[in-house]
Amino acid sequence: MTQTVSKPSVQSSTTTVAHDRTEVTDREAEPNAGVVHGLYTDGAAIVDSKAPAGPISEKWTQRKFDAALVNPTNRRKLSVIIVGTGLAGGAAAATLGEAGYHVKSFCYQDSPRRAHSIAAQGGINAAKNYKEDGDSVYRLFYDTVKGGDYRSRETNVYRLAEVSTNIIDQCVAQGVPFAREYGGLLDNRSFGGVQVSRTFYARGQTGQQLLIGAYQALERQIAAKTVEMHPRHEMLEIIVADDGSGPRARGIIARDLVTGEIETHLADAVVLASGGYGNVFYLSTNAMGCNVTASWRAHRKGAHFANPCYTQIHPTCIPVSGDHQSKLTLMSESLRNDGRIWVPKSADDCDKDPREIAEGDRDYYLERLYPSFGNLVPRDIASRQAKNMCDEGRGVGPKVGDFRRGVYLDFAEAIDRLGQAAVAEKYGNLFDMYQRITGENPYEVPMRIYPAVHYTMGGLWVDYDLQSSIPGLFVAGEANFSDHGANRLGASALMQGLADGYFVLPNTIRDYLAKGPFPAIDEQNDAVAAARASVESRVQKFLSINGDRSVDSFHKELGQIVWEYCGMERSEEGLLKAIDLIRSLREEFWRNVRVLGAADTLNQSLEKAGRVADFLELGELMCIDALHRRESCGGHFRTESQTDEGEALRHDDEYAYVAAWEWGGENGTPVLHKEDLTYEFIQLKQRSYK
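Residues numbered from 1 in each chain as written. Predicted model: local features only at pLDDT ≥ 70, side-chain atom pairs only at ≥ 80, totals over all residues. Heavy atoms only, no water.

With that settled, the discussion passes to the overall build of the protein. When its secondary structure is counted, the protein shows 17 helices and 26 strands. Computed over C-alpha atoms, the radius of gyration of the protein comes to 24 Å, within 12% of the 26 Å expected from 2.2 N^0.38 for 690 residues, which places it in the range of a compact globule. Reported as C-alpha extents along the three principal axes, the dimensions of the protein are approximately 75 × 60 × 55 Å. Looking at the protein as a whole, 62% of its 690 residues are labelled buried. Looking at the protein alone, contacts between residues at least 24 apart form 73% of all its contacts between residues at least 6 apart. Accessible surface, the protein: about 25400 Å² in total, of which carbon and sulfur atoms supply 47%. Where the 76 positive side-chain charges of the protein centre and where its 93 negative ones centre are 3 Å apart. (Helix = DSSP H or I, 4+ residues; strand = E, 2+ residues; numbered from the N terminus. Rg over C-alpha atoms; globule rule 2.2 N^0.38 Å. Buried < 20%, exposed > 50% of the residue type's maximum accessible area, 1.4 Å probe, protein only. Contact = heavy atoms within 4.5 Å. Areas by Shrake-Rupley, 256 points an atom, 1.4 Å probe, with all protein chains shown as cover. Lys, Arg positive; Asp, Glu negative; His and termini not counted. Charge placed at Lys NZ, Arg CZ, Asp CG, Glu CD.)

This next bit is on helix α7 (residues 293–300). Here α7 lies mainly inside the structure; eight of its eight residues are buried. Three or more residues of α7 are buried, namely Thr293, Ala294, Ser295, Trp296, Arg297, Ala298, His299 and Arg300. One or two positions beyond α7, positive phi appears at Gly302, with a value near 125°.

On to the nonpolar core. Ile124, Leu272 and Phe411 are the most contacted members of the largest nonpolar core, which has 177 residues in total. Here this core gets 13 residues from one element, more than from any other, and that element is helix α16 (residues 604–628). Per-domain counts for this core show at least three residues from each of domain 1 (314–454) and domain 2 (531–655). Excluding residues within four positions of it along the chain, Ile124 makes contact with Ile167, Ile168, Phe178, Arg198, Thr199, Phe200, Thr206, Leu210, Ala491, Leu494, Met495 and Leu498. (Core = buried A, V, L, I, M, F, W, Y, C linked by side-chain atoms within 4.5 Å. Domains from an automatic or database assignment.)

On to the sheet that holds strand β25 (residues 657–662), then. Ordered in space as β5-β26-β25-β15-β23, the five strands form an open sheet in which the pairing is mixed. Edge positions in the sheet fall to β5 (41–42) and β23 (459–460), since each has one partner strand and no second. Bridging between β5 and strand β26 (residues 671–676) involves two bridges; their strand directions are parallel. Opposite Asp42, over in β26, you have Leu672 as the bridge partner. (Pairing = 2+ DSSP bridges.)

Another aspect to go through is the packing of helix α1 (residues 56–66) against helix α12 (residues 493–513). Contact geometry for α1 and α12: axes closest at 9 Å, N-to-C directions at 40°. Relative to α12, the element α1 is oriented oblique. For α1 against α12, the interelement crossing comes out left-handed. Here Trp60, Arg63, Lys64 and Asp66 of α1 come into contact with α12, specifically with Phe503, Val504, Asn507, Thr508, Arg510 and Asp511. Among the residues forming the contact of α1 with α12, the class breakdown is three nonpolar, two polar and five charged. (Axes fitted to C-alpha atoms, helices over the stretch in contact; angles between N-to-C directions. Parallel < 35°, antiparallel > 145°, perpendicular 65-115°, else oblique. Left-handed = near helix turned anticlockwise from the far one by under 90°. Nonpolar A, V, L, I, M, F, W, Y, C, P; charged D, E, K, R; others polar.)

Read across the open sheet, the five strands follow the order β16-β22-β21-β17-β18; overall the sheet is antiparallel. This sheet does not close on itself; its edge strands, each paired only once, are β16 (311–317) and β18 (362–363). Relative to strand β22 (residues 447–456), β16 is paired through five bridges, and the arrangement is antiparallel. Opposite Ile313, over in β22, you have Val453 as the bridge partner. Seen against the sheet, helix α9 (residues 379–391) touches β16, β17 (340–344), β18, β21 (407–410) and β22 and runs at an angle of roughly 65° to β16.

Quick look at the environment of Ala161 now. As for its placement among the helices and strands, Ala161 is situated in helix α5 (residues 154–173). We classify Ala161 as buried; its relative accessible area is 2%. For Ala161 and Glu413, which are 252 residues apart along the polypeptide, the C-alpha to C-alpha distance reads 34 Å. Apart from residues lying up to four places away in sequence, Ala161 is in contact with Ala127, Val137, Leu140 and Phe141.

Let us look at the packing of aromatic side chains. Aromatic ring pairs are defined here through the distance separating the ring centres and the angle between the ring planes. For the structure shown, the criterion picks out 26 aromatic pairs. Taken together, a centroid distance of 6.1 Å and an interplanar angle of 75° make the contact between Trp60 and Tyr464 edge-to-face. Taken together, the residues span a long stretch of sequence, with Trp60 in helix α1 and Tyr464 in the loop between β23 and β24 (473–475) at a distance of 404 residues. Each member of the pair, Trp60 as well as Tyr464, carries the same accessibility label: buried. Ring geometry for Phe411 and Tyr427: centres 5.8 Å apart, planes at 55°, overall tilted. In this pair, Phe411 sits in the loop between β21 and α10 (412–418) while Tyr427 sits in helix α11 (residues 420–438), placing the two residues 16 residues apart along the sequence. The same class applies to Phe411 as to Tyr427, namely buried. Members of the aromatic cluster, each reached through a chain of ring pairs, are Tyr277, Trp296, Phe305 and Trp663. Seen from the ring of Trp60, Arg159 lies directly overhead, with NZ or CZ sitting 4.8 Å from the centre. (Phe/Tyr/Trp six-rings, centres within 6.5 Å; stacked < 30°, edge-to-face > 60°. Lys NZ or Arg CZ within 6 Å of the ring centre and 35° of its normal.)

What follows is the structure in structure tokens.
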């Protein structure tokens, strides 16, 4: 039985949050049917209902027309807080500032230019079909849904593909130095999971160049005083207040990381563009400061967290070299255009210099297993196969435990075919980086690579307008779940960030802001005072424990647990063990962590403590999410659910939905809400890249 209601409520631990235009389904089953090991509670189903009906190619145009307008004079009366200054946050702040809204922008770095988007290397997708090789908006849409193993929302993905064509024009106008062909046209290269060339790039520095473009636009608005910039500030709490029209996001509590001052900032709406949570694994390709705190604080206030177990393991990273490491280094997926991946056919050859291994004794396993896509299969498949080769005892490089954790990425054939100068022109900065880190010259010796945590497809649940389950709280870029499903195709992260920031959010948030300005609240408001008090209490708690273990030691142990049991492969037995281990570790953290220094000064130990405390809670939810989803799809690979060939085996009759988790309270269990995924424009079928 299905009933449509205008404003159903979902109870969170701290406040009741109303949902606009949401459909609730009463499932005719026992309340906790399907609950695994009593670790969570079943809740009401939710659907995305803000996307207009009709042909998918017309939905975004129709939604933009339906969205209410705010006249230029009223925009000056409306304020928006944006947390994060990467591609999504920086682009959104610049665009909303240009439109005339008053924007407060926050980042924990010393400059917006240090946002982690700057680290992206290989490129950005767009369906411009410059190579005339059969690309189109629909093909980009299809490739993205298929690449995500049919676990993404059709409407959002099509919009992303549609908007992608505008992004390149925007960036060229900003002066982004994309690579060009001899005749001056923009060049393209291929990335994994596709058979066309649609990736625009600036050598191996695409993220840096795109971020500088967004940064210039942001700085222009800072100079025009439409954007108020707050660097070295970390959001520690979101303010959800009832201003007389129901609970809604009205601001944040932030800590000045230089002085230690706790600050209250209020606005008419809040946007989180704070990135992903890959650092829950401790070792990842993310910058050391990347964290989940902004999203997790919102989750605890009622924002649903969707698909947290969908994390991406990137196949092309420099292998771990020892216990001393706190970060891993990505080697761009673009290298797979010309590099060939192989391992020795015989384990007896693994100790040899790779140049001494004859061609006939090499196993180019991706080319063998997936002849249609070869080395350009999607990241989840390439990562699992690299692990499989190493598990068979055919890995290369030094042993890590009982196995060698590395495979070769070889450019000898490309250098013979193109010449070293041409290869250097395409990938020179990446080759230089590899040589500085490893001491090996990749022009002469094959690179050694191995999978590492890189990106998170899960994130805060949002509707078609990018609004979370908290009214007035919008989420953009990697911080939301909306576009990639269970696996992200390469070069799509930059595409989503700029699409959300420049083109989607500015058009959807105005529909919400048109209802304002909202009644004024001040720091004496009960919800505001309570949010500030909770932050101050938490800071003092960290400093008062005075235990024996460093924050980093807890983070490293958590990362080892999550990597071992919720990494490239998951099993019911391993996930149950991980949940127990994380709970024990969290209990010890709050009893035995030692946070040095004081609250009223620069204190990185205190910063890390808050982030690790949130990672400990997130890590448990990731494992619960992975445990409940008893299927394999994309980056989520359950050993109990695979084909005879070892490929991911989905169960569409049971799990074709978004798992949107509601915070269950300090001592409660998380509540699972399901958004059913329907495919009207793409046929739902098992993936094949063979």
